[in-house]
Amino acid sequence: MPKVTGAKQNFTAGELTPRLHGRTDLGRYQNGAKTLENFLVQPHGGVTRRPGTKFVKEVKTSANQTRLIPFQFNVDQAYIIEFGNEYIRFYKDGGNIVSGGSPVEVATPYLTAELPDIVFAQTADLMYIVHPNHAPRKLTRTSHTAWTLTVVDFYFGSFLAENTTTTTIRTGGVEGDVSVIASADLFVSTDVGRLIRFRQYGHDGYLKITGYTSATVVAGTVQPNNEDFAGDDLLVPSYTASTLSAHEGDPSSTGLEHNDRFQDTAGEFLNKGFRSGSFIGTSSFSNAANNKTGDNKFHVVDATDTVLTIAPAFDLVDEAAGSSRSIFGFRFANNIWNNWSLGAWSGTTGYPRTVAFYEQRLVFGGTATEPQTLWFSASGDYENFRLGTDPTSALTYTIGSNQVNVIRYLSSSNQLLVGTSGGEFVVRASGRDTPLTPTDTQIKQTTTYGSSTTQPLQIGNSTLFLQRAKRKLREFVYNNDVASYTAPDMTILAEHISEGGLSEMAYQQEPDSNVWAVRSDGELVCMTYRREEQVVAWHRHIIGGVFGSGNAVVESVATIPGDLNEDQVWVIVKRTIGGATKRYVEYLSNFDFGTSAEDAFFVDSGLTYSGSAATSISGLDHLEGQSVAILANGATHPNKTVSSGAISLDFSVTKAQIGLPFTSTLETLKFDGGSALGSSQGKIKRINDIVVRLFRTVGLKVGTSSTNVDTVPFRTSSSAMDTALSMFSGDKIIEFKGGYDEDATFVILQDQPLPMTVLAIFPTLTVYDK
């Protein structure tokens, strides 16, 4: 009957799947636990209680599911946005933003059922928002209380392939509001808002459909036809001014290449929409040779702000500026257009389902009819999707593969990562440090796992994405050993954690690098993620309160930078309060609250009272009828039930933390410390005593199960019950009262609203060899 002293010195493997409970040979087994509930694994190895959640506000309509999205202008100006049924509200500094006594609110088109599919990308005070059922929008912040949501007006696309059929389109004019008539059935009612591009004789014209009459007739409004939006809204360029002149450039007299040209001292040619390759007509010049209409048209071979150089088919006659002249784009009679393209994004074709920024371009991915296509804006001009061959021009790329790979996400790092339903792709130029251009773009498939619609997390050089079934969280990272991207499974040791699938994820960089996720059943799970220290540890978090007959349900999670150099974790929690469904916006309290137990916050949906001595605390209406835990002046207080939004205390306090109780539970795996005959697994054992090494802890219970625990004393007979204890760091030696069995497991828990950090556990066992 040898005695064995074991050492559980870290928990960096987290809560392990039951499928690994027999793998005592696995190194990670020694660093894991059977249960880690409401405990956070620290990168150093220990586990600490998660902080409680602070109540902020009930959502606008508790009957409807809502979603949280972060909006971060900088580390000092970060907001949480509450997306609900056709509205958004805003939070900052732990509270709801109000103006004139009412919450700041902006109307949206997004219905409750559509909220999970909203995708966003932000730069400074501007956020682009996409959803496959709605035209892309942009949310703009101009002040703390001033927010606007507008439909993005993409004047220049993007467009489907140009028409190759015999169908023509006739417009009732070239500017303003015009009728649009197709020679064959072309339009449907969902085309309202769709763009049409007309290309004729080197000119580009744009029109937006504003009304539907029939399959051949719609109404439209002519759009700007130049990049800076400063010119006239015309389908073909037209310019009348007294600054226009004509110049003959005869090679015999100049010795130069032919350079007949029109000049404009006002420099408006490009603004008005004239381009190289355009065909133009002219009028009101004094010399007839300088006026061309009908089939006698000039061909522009080069265009600048001030000069239109003409092909040598016609000679100009020198004519100075002085009187009003006109230059206009050439078109067919009766405004009939053969070359036209319909917009790629519309209610008919669907709208982009994902968005990201990459190399100063706004990138959209995938619509219902073009699920594998990527659209890149012009460089530095996020709303310009006019295609071209210049390095800064917009570009469109469709992923080619032997199956339909619906684009699920875009993630921007040193390269653009594209997650699709069938695999993961990388977009880049031919050179690793070469910028993307319309003539230098490559898209290569790197892995074939397939991605879910849950948006990924960019953490350092890694992208964490959920596989198609939302069960496996994979780490997409470049591996120098194989000179390619790999995507190892981060849930392999804890596959039970993601059972049922994960619906949302958020990354908390400070203080301990945590990946938070919402499970489909409403449980909040977390992974401590520090790959450089080989820490990948999962743990589960049950938020205090109930919903129906079960635990409270977490429906959304988001993170933003907070105070004390910590990122804030915000959640929406659904509970049953007074027989009614309530959805509350809450956030986790500070992880590092200090060194005084009075500042500890380990209650959920809680509030803090701080003021003059009081025995009655009000303002708890959101917890009406609930039994609440109380930390009074740093000491535990018997639970009280909230009545009429208030509780009465047994003694007066100047500071109290009041909220729903929760329990932190650590259960060890079956211990294997060896025996005289080899392994101790399967042999009768008895735990004699346990040494628990603690850090800044007040309160501890140890036992054979969560329902059979003994309280470890921290308070002496001389300590007043209503005063705070100093936090304890050191060893607690506990005589264990368990019996004889084959498991030799035990439970450590904390169910008081007090802090606890476990650094290591050293059990002593007696093993009975068979």
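Everything in this summary refers to the structure shown in the same document.

About the cut-offs
- Residues numbered from 1 in each chain as written.
- Predicted model: local features only at pLDDT ≥ 70, side-chain atom pairs only at ≥ 80, totals over all residues.
- Heavy atoms only, no water.
- Helix = DSSP H or I, 4+ residues; strand = E, 2+ residues; numbered from the N terminus.
- Buried < 20%, exposed > 50% of the residue type's maximum accessible area, 1.4 Å probe, protein only.
- Contact = heavy atoms within 4.5 Å.
- Areas by Shrake-Rupley, 256 points an atom, 1.4 Å probe, with all protein chains shown as cover.
- Core = buried A, V, L, I, M, F, W, Y, C linked by side-chain atoms within 4.5 Å.
- Pairing = 2+ DSSP bridges.
- Axes fitted to C-alpha atoms, helices over the stretch in contact; angles between N-to-C directions.
- Salt bridge = Lys/Arg side-chain N within 4 Å of Asp/Glu carboxyl O.
- Phe/Tyr/Trp six-rings, centres within 6.5 Å; stacked < 30°, edge-to-face > 60°.
- Lys NZ or Arg CZ within 6 Å of the ring centre and 35° of its normal.
- Polar contact = N/O pair within 3.5 Å; in protein donor to acceptor, adjacent residues only side chain to side chain.
- Lys, Arg positive; Asp, Glu negative; His and termini not counted.

## Observations regarding the overall build of the chain
Phase 1: Within the chain one finds one helix and 64 strands.
Phase 2: In terms of overall dimensions, the chain has a C-alpha envelope of 115 × 60 × 50 Å along the principal axes.
Phase 3: Put simply, the chain has 770 residues, and 53% of those count as buried.
Phase 4: Long-range pairs, those at least 24 residues apart, make up 61% of the contacts in the chain between residues at least 6 apart in sequence.
Phase 5: A total of about 30700 Å² of accessible surface is found on the chain, and carbon and sulfur atoms cover 47% of it.

## Some words on the nonpolar core
Phase 1: Ranked by internal contacts, the top residues of the largest apolar core, which has 37 residues, are Leu-666, Leu-700 and Ile-748.
Phase 2: For this core, the secondary structure elements donating two or more residues are strand S5 (39-41), strand S59 (684-697) and strand S64 (757-768).
Phase 3: Apart from residues lying up to four places away in sequence, Leu-666 is in contact with Phe-11, Ala-33, Thr-35, Leu-36, Phe-39, Val-47, Phe-746, Val-747, Ile-748 and Ile-761.

## Some words on the sheet that holds strand S21 (residues 195-200)
In any sheet, the strands associate via hydrogen bonds between backbone groups, in a parallel or an antiparallel arrangement.
Phase 1: Spatially, seven strands are ordered S31-S19-S20-S23-S22-S21-S32 in an open sheet, and the strand pairing comes out antiparallel. Edge positions in the sheet fall to strand S31 (336-337) and strand S32 (340-342), since each has one partner strand and no second.
Phase 2: Pairing of strand S20 (residues 177-182) with strand S23 (residues 217-222) involves five bridges; the strand directions are antiparallel. What sits directly across from Ser-179, in S23, is Ala-219.

## Thoughts on unusual backbone geometry
Phase 1: Along the chain, Gly-157 connects to Ser-158 via a cis peptide bond; the corresponding omega equals 10°.
Phase 2: For the bond from Glu-510 to Pro-511, the omega torsion is 10°, close enough to zero to count as cis.
Phase 3: With respect to the helices and strands, the residue Pro-511 is situated in the loop between strand S45 (502-508) and strand S46 (514-519).
Phase 4: Even without being a glycine, Ala-124 presents a positive backbone phi close to 55°.
Phase 5: Its place among the elements puts Ala-124 in the loop between strand S15 (119-123) and strand S16 (126-131).

## What to know about the sheet that holds strand S26 (residues 261-264)
Phase 1: Strand order in the open sheet formed by seven strands is S24-S30-S27-S28-S29-S26-S25, and the pairing between neighbours is antiparallel. Of all strands in the sheet, those bounded by a partner on one side alone are strand S24 (238-241) and strand S25 (244-247). Between one strand axis and the next, the sheet turns by 30° as a mean value, whatever way the strands run.
Phase 2: As paired strands, S24 and strand S30 (residues 325-329) are joined by four bridges and run antiparallel to one another. The residue of S30 that forms the bridge with Ala-241 is Arg-325.

## Remarks on the pairing of strand S60 (residues 701-705)
Phase 1: Direction of pairing for S60 relative to strand S61 (residues 708-711): antiparallel, over a ladder of four bridges. Opposite Ser-705, over in S61, you have Asn-708 as the bridge partner.

## With respect to the environment of Pro-435
Phase 1: On the secondary structure map, Pro-435 appears in the loop between strand S39 (424-428) and strand S40 (442-447).
Phase 2: Residues Pro-435 and Trp-375, 60 residues apart in the sequence, show an inter-C-alpha distance of 16 Å.
Phase 3: Those residues within four positions of Pro-435 in sequence are excluded, and the remaining contacts are Glu-359 and Ala-429.

## What about the environment of Pro-661?
Phase 1: Its location among the elements puts Pro-661 in the loop between strand S57 (647-660) and strand S58 (664-667).
Phase 2: Of the residues examined, Pro-661 reaches a relative accessible area of 34% and is grouped as partly exposed.
Phase 3: Separated by 74 residues in sequence, Pro-661 and Tyr-587 place their C-alpha atoms 16 Å apart.
Phase 4: Discounting chain neighbours no more than four positions away, the residues touching Pro-661 are Gly-544, Ser-627, Ala-629 and Asn-639.

## Notes on the pattern of salt bridges
Phase 1: Tallying each qualifying case throughout the model produces 32 salt bridges.
Phase 2: The shortest N-O distance in the salt bridge between Glu-504 and Arg-67 comes to 3.7 Å. You can see Glu-504 sitting in strand S45 and its partner Arg-67 sitting in strand S8 (residues 67-74), a full 437 residues away along the chain. Each member of the pair, Glu-504 as well as Arg-67, carries the same accessibility label: buried.
Phase 3: Measuring nitrogen to oxygen at the nearest pair gives 2.6 Å for the salt bridge that ties Lys-208 to Asp-153. Within this pair, whereas Lys-208 is found in strand S22 (residues 203-212), its partner Asp-153 is found in the loop between strand S18 (146-151) and strand S19 (169-171), the two being separated by 55 residues in sequence.
Phase 4: Residue classification places Asp-153 among the partly exposed positions, given a relative accessible area of 26%.
Phase 5: Salt bridges linked by common partners bring Glu-15, Glu-37, Arg-519, Asp-521, Glu-523 and Arg-540 together as one network.

## A few points about the packing of aromatic side chains
Phase 1: Counting across every chain of the model gives 34 aromatic pairs.
Phase 2: Look at Phe-198 and Trp-337: their rings are 5.1 Å apart centre to centre, the planes differ by 40°, and that puts the pair in the tilted class. Residue Phe-198 is located in strand S21, and its partner Trp-337 is located in strand S31; the two are separated by 139 residues in the primary sequence. Residue Phe-198 shares its accessibility class with Trp-337, and that shared class is buried.
Phase 3: Arranged with centres 6.2 Å apart and planes meeting at 85°, the rings of Tyr-239 and Phe-269 form a pair that is edge-to-face. With Tyr-239 in strand S24 and Phe-269 in the loop between S26 and strand S27 (279-283), the pair connects residues that are 30 residues apart, well separated along the chain.
Phase 4: Owing to a relative accessible area of 0%, Phe-269 belongs among the buried residues under this scheme.
Phase 5: Counting every residue linked through ring pairs, the aromatic cluster contains Phe-154, Trp-345, Phe-364, Trp-375 and Phe-385.
Phase 6: We note Lys-92 situated over the ring of Tyr-79; from NZ or CZ to the ring centre the distance is 5.9 Å.

## Considerations on the side chain of Arg-67
Phase 1: Residue classification places Arg-67 among the buried residues on the basis of a relative accessible area of 9%.
Phase 2: Polar contacts involving the side chain of Arg-67 include one to the main-chain carbonyl oxygen of Leu-115, which spans 2.8 Å.
Phase 3: There is a polar contact of 2.8 Å between the side chain of Arg-67 and the backbone oxygen of Ile-118.
Phase 4: Sequence-distant contacts of Arg-67, that is, excluding residues within four places in its chain, are made with Ile-81, Glu-82, Phe-83, Leu-115, Pro-116, Asp-117, Ile-118, Phe-120, Glu-504, Ser-556 and Ile-572.

## Considerations on the side chain of Glu-424
Phase 1: Here Glu-424 shows up in strand S39.
Phase 2: Look at Glu-424: it is buried, it has no salt bridge, and the nearest opposite charge is Arg-474 at 6.9 Å.
Phase 3: A polar contact is formed between the side chain of Glu-424 and the backbone nitrogen of Gly-450, at a distance of 3.0 Å.
Phase 4: At 2.9 Å, the side chain of Glu-424 forms a polar contact with the side chain of Ser-451.
Phase 5: Discounting residues that sit within four places of it in the chain, Glu-424 has contacts with Tyr-409, Val-418, Lys-444, Gln-445, Thr-446, Thr-447, Thr-448, Tyr-449, Gly-450, Ser-451, Phe-465 and Phe-476.

## A few points about the pairing of S46
Phase 1: Burial analysis of S46 places six of its six residues in the buried class, which makes it a mostly covered element.
Phase 2: Relative to S46, S45 runs antiparallel, the two being bridged by six bridges. Opposite Gln-508, over in S46, you have Asn-514 as the bridge partner.
Phase 3: The turn linking S45 back onto S46 is made up of five residues, and Ser-513 within it adopts a positive phi angle of 55°.
Phase 4: As judged from the five bridges shared by S46 and strand S47 (residues 524-530), these two strands associate in the antiparallel manner. Directly across from Ala-517, in S47, lies its bridge partner Val-525.
Phase 5: The antiparallel pairing of S46 with S47 creates a hairpin that spans four residues between the two strands, and Gly-522 there sits at a positive phi of about 90°.

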